[in-house]
Amino acid sequence: MATAESFDRTAALKEFDEGKTGVRGLVESGAAATVPPIFRHPILRPRSSSPSSLSVPTVDLSLPRPAAVALATTAARDWGFFQVVNHGLPLSLIDCTISAVRSFHEQPSSVRAAFYSRSVAGGVSYSSNVDLFRSGAASWRDTIQLAMGPTRPDPERIPPVCREELLAWDEHVVAAGRAVLGLLSEGLGKEAGLLEATTCAEGRLMACHYYPPCPEPELTVGTAEHTDPGVLTVLAQDGVGGLQVKWTGEDGESEWVDVRPASGALVINVGDLLQIMSNDECKSVEHRVLANPHQEARVSVATFFNPGKRGESVFYGPLPELLSPVKPARYRNFTMAEFMGTFFGKELSSRSLIDHFKL
């Protein structure tokens, strides 16, 4: 076994990536009886579940509009996370989408390997850890990503085993995202179309995550603690669990709270860009996924909503409609190229993105 002094991390990362079968490949080959060194995190927060007194808020979209607006606004301000129910997306659609993603990741390694690439050209990529070569330690998950907007990829680039289901999911999840954006716009005291008018529902990235069973879950993570860079995330998850959000109380003390799977619910979280656009009225918070200790793999499908309108002359920042002499801008304006360039220039777990644009 290689010692700490002789271990060549760069070579190990390259070997893993060139295998083109991800973490699932390690598990199915029997090579992952223990967690390999590239996945070992030197300092991990406690894995303990949250106290029963704390739970992520749930917003029932069938409530009268003012009540739903109030609940969503409070959750976005205080938690940055909430679950929505009665959102209009059939349970059968959610289950079918999750099942299709599972089917892709559980195909024979030779079939998956044909799609493995870190290039986002063409709008579809399958790999393990988007920040594999930038992070201090890799995470125990694989992902197929699809850039669904403003322009969809050629359907032939999407793996056949999940093509029809993911295209259908994109059509439906847009409606859910728009509904939430409308609630939050009204919660900011403006018309329901305020956020959508900034093209926030047009740029969409779908990330279909697969978290294989982990032999030593205390040594690694499914996804390191991070915030999402975009405007809004809409997540469908199976019943395995593992997603946690960081809750900070009025005393400044923080703890990790489980986002418990609820049948038919969608998980919503505020991204960094929405915190900036709302001038801190909405809160982007750190969250993570624990390494999977169960025998069954965990599957989730996240859709990240971002502005579709981009260009060197298109700037984003605090919405002018929300500013006043008593509420001046807390962030400077920027292009999406600068914003995303800053994000991709750091490892996923860094919390520096919002700070980079503060005035």
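Quick note: structure is the one above.
Predicted model, so just to flag it, every value in this text is computed and none were measured. (Residues numbered from 1 in each chain as written. Predicted model: local features only at pLDDT ≥ 70, side-chain atom pairs only at ≥ 80, totals over all residues. Heavy atoms only, no water.)

A. Examining the sheet that holds strand β3 (residues 124-127) more closely. Reading across the sheet, the eight strands line up as β1-β2-β10-β7-β12-β5-β4-β3 and stay open at both edges, with mixed pairing between neighbours. The open sheet is flanked by β1 (58-60) and β3, the only strands paired with a single partner. With strand direction ignored, the average angle separating the axes of adjacent strands in the sheet is 20°. Sheet topology note: the strand β4 (residues 142-149)/strand β5 (residues 203-211) ladder contains seven bridges and is antiparallel. If you follow Asp 142 over to β5, its bridge partner there is Tyr 210. Here helix α6 (residues 163-187) sits on the sheet and contacts β2 (81-85), β4, β5, β7 (232-237), β10 (266-270) and β12 (298-306); the angle it forms with β7, its principal contact strand, is near 130°. (Pairing = 2+ DSSP bridges. Helix = DSSP H or I, 4+ residues; strand = E, 2+ residues; numbered from the N terminus. Axes fitted to C-alpha atoms, helices over the stretch in contact; angles between N-to-C directions. Contact = heavy atoms within 4.5 Å.)

B. Fine view of helix α4 (residues 91-105). The end-to-end C-alpha distance of α4, which contains 15 residues, comes to 22 Å, matching closely the 21 Å that a straight helix rising 1.5 Å per residue would cover. Those residues of α4 that fall on the buried side of the exposure criterion are Leu 93, Ile 94, Thr 97, Ile 98, Ala 100, Val 101, Arg 102, Phe 104 and His 105. (Expected span 1.5 Å × (residues − 1). Buried < 20%, exposed > 50% of the residue type's maximum accessible area, 1.4 Å probe, protein only.)

C. The arrangement of the pairing of β12 in detail. Of all nine residues that make up β12, nine are buried, and the element is covered over most of its length. Every second residue of β12 is oriented toward a common face, with Arg 298, Ser 300, Ala 302, Phe 304 and Asn 306 on one face and Val 299, Val 301, Thr 303 and Phe 305 on the other, all of them buried. Of the strand pairs in this sheet, β7 and β12 are connected by six bridges, and their pairing is antiparallel. Across the sheet, Gln 237 pairs through a bridge with Ser 300, a residue of β12.

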